Structures are given as structure tokens and as C-alpha cells.
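# Commentary on secondary and tertiary structure
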Amino acid sequence: MKENSKIAIIGAGIAGVSAAVYAKRAGLDFSIFEGTGVGGQLLFVEKVDNYVGLVSGTKGSDLTKSLIDTLSELDISLTNEVVNKVELDKGVRINSKYEFDGMIVATGASFKKLGIKGEAEFSGKGVSYCAICDGFFFRKKDVAVIGGGNSAIEEALYLSEICNKVYLIHRRNSLRGMQYLQKELLSKSNIEVVFDSVVKEITGSEAVEAIALENVTDNSKKAINLSGVFVAVGINPNTEFLKDLVSLDEYGFITTDNGMKSSCDFLWAAGDCRKRPLRQLITAASEGAIAAINAYKHLKGHYISS
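Below: a short report on this structure. Since this is a predicted model, take the numbers as computed values, not measurements.

Scanning the protein from terminus to terminus reveals six helices and 20 strands. A compact globule built from 306 residues should have a C-alpha radius of gyration of about 19 Å, and the protein, at 21 Å, falls within 12% of that. Structurally, the protein occupies a C-alpha span of about 65 × 35 × 30 Å along its principal axes. Scored against the burial criterion, the 306 residues of the protein give a buried share of 49%. Within the protein, contacts between residues at least 6 apart in sequence are counted, and of these 60% link residues at least 24 apart. On the protein, the mean spot of the 35 positive side-chain charges and the mean spot of the 37 negative ones are 1 Å from each other.

What follows deals with the state of the cysteines. All chains considered together, the criterion is met by one disulfide. What pairs with Cys 130 in a disulfide is Cys 133, and their sulfur atoms sit 2.3 Å apart. Handedness here is read from the sign of the S-S torsion; for Cys 130 and Cys 133, about 70 degrees, the answer is right-handed. On the basis of relative accessible area, Cys 130 is assigned to the buried category, the value being 13%. Using a relative accessible area of 22% as the deciding quantity, one classes Cys 133 as partly exposed.

Right, let's talk about a positive patch on the surface for a bit. On the surface, Lys 112, Arg 171, Arg 172, Arg 176 and Lys 200 cluster together into a positively charged patch. Here Lys 200 lies in strand S15 (residues 197-204). For Lys 200, a relative accessible area of 45% translates into the label partly exposed.

Let us look at the sheet that holds strand S6 (residues 86-88). Strand order in this open sheet of three strands is S6-S7-S8, and the pairing throughout is antiparallel. Each of the sheet's edge strands pairs with one partner strand only, and the pair in question is S6 and strand S8 (98-100). Each strand of the sheet is rotated relative to its neighbour by a mean of 20 degrees, with strand direction disregarded. With three bridges joining them, S6 and strand S7 (residues 92-94) adopt antiparallel strand pairing. Within S7, the position partnered with Leu 88 by the bridge is Val 92.

Tracing the sequence through the fold places Asp 257 in the loop between strand S19 (235-237) and strand S20 (267-269). Among buried charged residues, Asp 257 stands out as having no salt bridge; its nearest opposite-charge side chain is Lys 261, 4.6 Å away. Side-chain polar atoms of Asp 257 contact the backbone nitrogen of Gly 259, separated by 2.8 Å.

Taking 1.5 Å per residue as the helical rise, helix H6 (residues 281-300) with its 20 residues ought to reach 28 Å, and the 29 Å between its terminal C-alpha atoms agrees with that figure. Residues of H6 that are buried: Thr 283, Ala 284, Ala 285, Glu 287, Gly 288, Ala 289, Ala 291, Ala 292, Asn 294 and Ala 295. Taken together, the buried residues of H6 touch strand S1 (7-10), helix H1 (14-26), strand S9 (102-105) and S20. Note on H6: the residue one or two positions beyond its end, Gly 301, has a positive phi of about 85 degrees.

Looking now at the packing of aromatic side chains. All told, the structure shown has five aromatic pairs when counted by the stated rule. Relative to Tyr 129, the ring of Phe 111 has its centre 5.1 Å away and its plane inclined at 20 degrees; by these criteria the two rings are stacked. On the criterion of sequence distance, the pair formed by Phe 111 in strand S10 (residues 109-111) and Tyr 129 in the loop between strand S11 (127-128) and helix H3 (131-134) is long-range, its members being 18 residues apart. Take Phe 111: its relative accessible area is 24%, and that puts it in the partly exposed class. In this structure Tyr 129 comes out as buried when scored by relative accessible area, which is 14%. Plain terms: the ring middles of Phe 136 and Phe 137 are 5.8 Å apart, the flat faces sit at 80 degrees to each other, and that makes the pair edge-to-face. Residue Phe 136 is classed as partly exposed on the basis of its relative accessible area, which comes to 36%. Through a chain of ring-to-ring contacts, three or more aromatic side chains come together here, namely Phe 33, Tyr 98 and Phe 100. Taking NZ or CZ as reference, Arg 139 lies 4.3 Å from the ring centre of Phe 136, over its face. The cationic tip of Arg 279 hangs over the ring face of Phe 253; the distance from NZ or CZ to the ring centre is 4.3 Å.

Reading guide: rules and limits
Residues numbered from 1 in each chain as written. Predicted model: local features only at pLDDT ≥ 70, side-chain atom pairs only at ≥ 80, totals over all residues. Heavy atoms only, no water. Helix = DSSP H or I, 4+ residues; strand = E, 2+ residues; numbered from the N terminus. Rg over C-alpha atoms; globule rule 2.2 N^0.38 Å. Buried < 20%, exposed > 50% of the residue type's maximum accessible area, 1.4 Å probe, protein only. Contact = heavy atoms within 4.5 Å. Lys, Arg positive; Asp, Glu negative; His and termini not counted. Charge placed at Lys NZ, Arg CZ, Asp CG, Glu CD. Disulfide = S-S within 2.5 Å. Patch = residues over 30% accessible without salt bridge, like charges linked within 9 Å, V, L, I, M, F, W, Y side chains within 5 Å. Areas by Shrake-Rupley, 256 points an atom, 1.4 Å probe, with all protein chains shown as cover. Salt bridge = Lys/Arg side-chain N within 4 Å of Asp/Glu carboxyl O. Pairing = 2+ DSSP bridges. Axes fitted to C-alpha atoms, helices over the stretch in contact; angles between N-to-C directions. Polar contact = N/O pair within 3.5 Å; in protein donor to acceptor, adjacent residues only side chain to side chain. Expected span 1.5 Å × (residues − 1). Phe/Tyr/Trp six-rings, centres within 6.5 Å; stacked < 30°, edge-to-face > 60°. Lys NZ or Arg CZ within 6 Å of the ring centre and 35° of its normal.

See below:
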């Protein structure tokens with residue numbers, strides 16, 4: 001890591017790599033901190049089907065390799081270290097030993113898991129956490145969505161246009177989503193809502209073949225044969241290390257202006273750790289670019305908040 005680094009980029013998913021590319025092109029001195037590996041959530045994506053310019057069905061691992069190659073071609077190296085402590089004063093101190101003039105946070109978010117048998121085993125093999133990302137691969141098949149909020153209903157509605165049948169599994173006796181979404185949901189002939197039920201296990205051989213359900217009111221059990229399980233019980237932003245340092249919403253996402261600047265004048269955020277209306281790879285990449293350019297403008301003294 002260069003002694004004269006000016007900007008720290010935390011995270012090397014697509015938002016972090018995008019920020020690094022634009023920071024490099026702008027001539028910024030910077031360092032990327034990544035404790036696990038390049039790619040972020042891409043490491044758990046079997047195929048990417050909606051990123052402009054990529055061949056349909058590109059593997060997440062192939063896109064991850066492209067990110068690694070991009071960093072290599074630009075001679076950008078990583079600091080292989082987890083950031084667990086940040087101090088903000090007139091600048092940024094990371095892990096009590098690295099000092100910077102600013103920081104771009106691109107730490108992403110982690111999908112909330114069900115924590116049941118078969119979930120990890122079939123991740124990418126029928127278990128998904130994003131219908132828009134993976135729904136196409138289950139066209140004309142039977143699938144289940146787990147959850148009862150707006151996100152789960154929206155996932156079910158999206159899948160209903162692609163799949164043969166969609167089961168919406170919810171542990172309570174009523175949905176939590178907006179009424180207009182519920183009305184649309186109930187109008188779909190190929191969506192079946194299963195109330196008062198939890199998924200106890202996901203089963204199959206090489207891919208998902210069925211789920212085992214348990215009714216929470218009478219403890220009765222049943223199995224449903226299907227090809228895909230979409231978990232929509234929420235996500236957790238990876239922002240715990242910023243608690244009490246910058247403005248976060250009630251769920252822990254970093255709030256920013258349109259230029260990706262947080263409540264701190266020298267801290268920007270991009271990607272899934274940021275409060276944003278659309279959580280997609282393409283929007284994460286654009287936010288990383290915006291954050292890097294505005295970090296550059298800040299150091300040059302002509303950044304204007306928007």
C-alpha cells in the first residue's frame with residue numbers, strides 16, 4: 001500500500017472495483033481493503049442474466065474473474081484486511097493504523113438466511129435470493145418464495161410471469177406487504193399463498209427438488225415438489241463498523257445525497273450498503289463510479305452536494 005494514499009475504498013465487489021477504476025483514471029492515490037475476496041455477492045451467483053453487455057447466462061464466477069483481471073490490468077492491488085474499526089475526525093483512520101483523507105464504503109450487504117438444512121447446500125442450485133437476477137432460469141417451472149413483506153410479494157409477482165406456479169410461504173396468517181401489492185398478488189391464478197407455515201428443509205439430489213413445510217398452528221407437515229426456492233426475508237447491510245459515525249436509516253443502510261456523499265463530508269457510499277431504490281449489479285457499478293469522481297472533486301475543492 002502506498003504511503004501517500006489519499007482515499008480508502010472498502011470492499012471489492014462490483015461497486016468497489018468500479019470506484020477503483022474511476023479513481024485510477026482520475027489519478028487519485030487510493031487503497032482497496034477487502035478481507036474475503038474480489039466479487040462480493042457475485043461469489044454466490046450462479047449466473048448473471050441482466051447486466052448490459054454480458055452474454056445471457058454469464059457465470060458469476062466469470063464476471064468475478066473479469067473484475068480481478070481489470071484490477072490487474074490497471075495495476076491495482078488489494079490490502080487483504082477486514083475493516084472493523086473506523087475513526088472520523090478531519091480525515092479517516094482505519095483499524096487504528098491507516099490514515100486517509102476520505103473513504104468510499106462499498107461493503108455491500110448480506111442476504112438474511114433461513115438457516116435451515118439444505119439452504120447452503122443448494123445455494124446457486126435452486127436456492128436464490130434474487131428473482132430478477134435468477135428467475136429466468138426457472139421459466140415454466142414451479143418455485144417458492146419465502147417471506148411476507150413487500151420484497152417477497154414483488155418477487156412472487158415477478159416470478160408469476162415466468163414460472164408455471166409460485167408458492168408464497170409465510171409464517172404468519174396475513175401478509176405484511178402494501179395492500180395494492182397484496183391485491184395484485186391475489187389476482188394471479190398461478191400464485192398460491194401458504195400461510196402459517198415455515199420451511200424446515202430444502203431437499204434434492206444435485207439441485208432443489210422439494211421443500212418440507214411445517215404449519216406453525218397445528219404442527220402438521222407436508223412437502224411441495226418444486227425446482228426453485230427464492231428467499232426474501234431481507235438483507236443486512238455490512239455497515240456495523242460505521243454505527244454512530246454517519247447517518248444510517250432504520251435498517252442500517254448508509255444515507256447519501258445524489259453524489260453518494262454521506263452525512264460525513266469525506267465519506268461516500270456505493271452499492272448495497274447504501275440506501276437505494278434498485279439493488280442490481282449495474283446500479284452498484286454506476287454508484288461506484290459516481291462516488292470516485294466526487295471523491296476526486298472533493299480533494300480538488302470543488303465538490304457540490306446534490
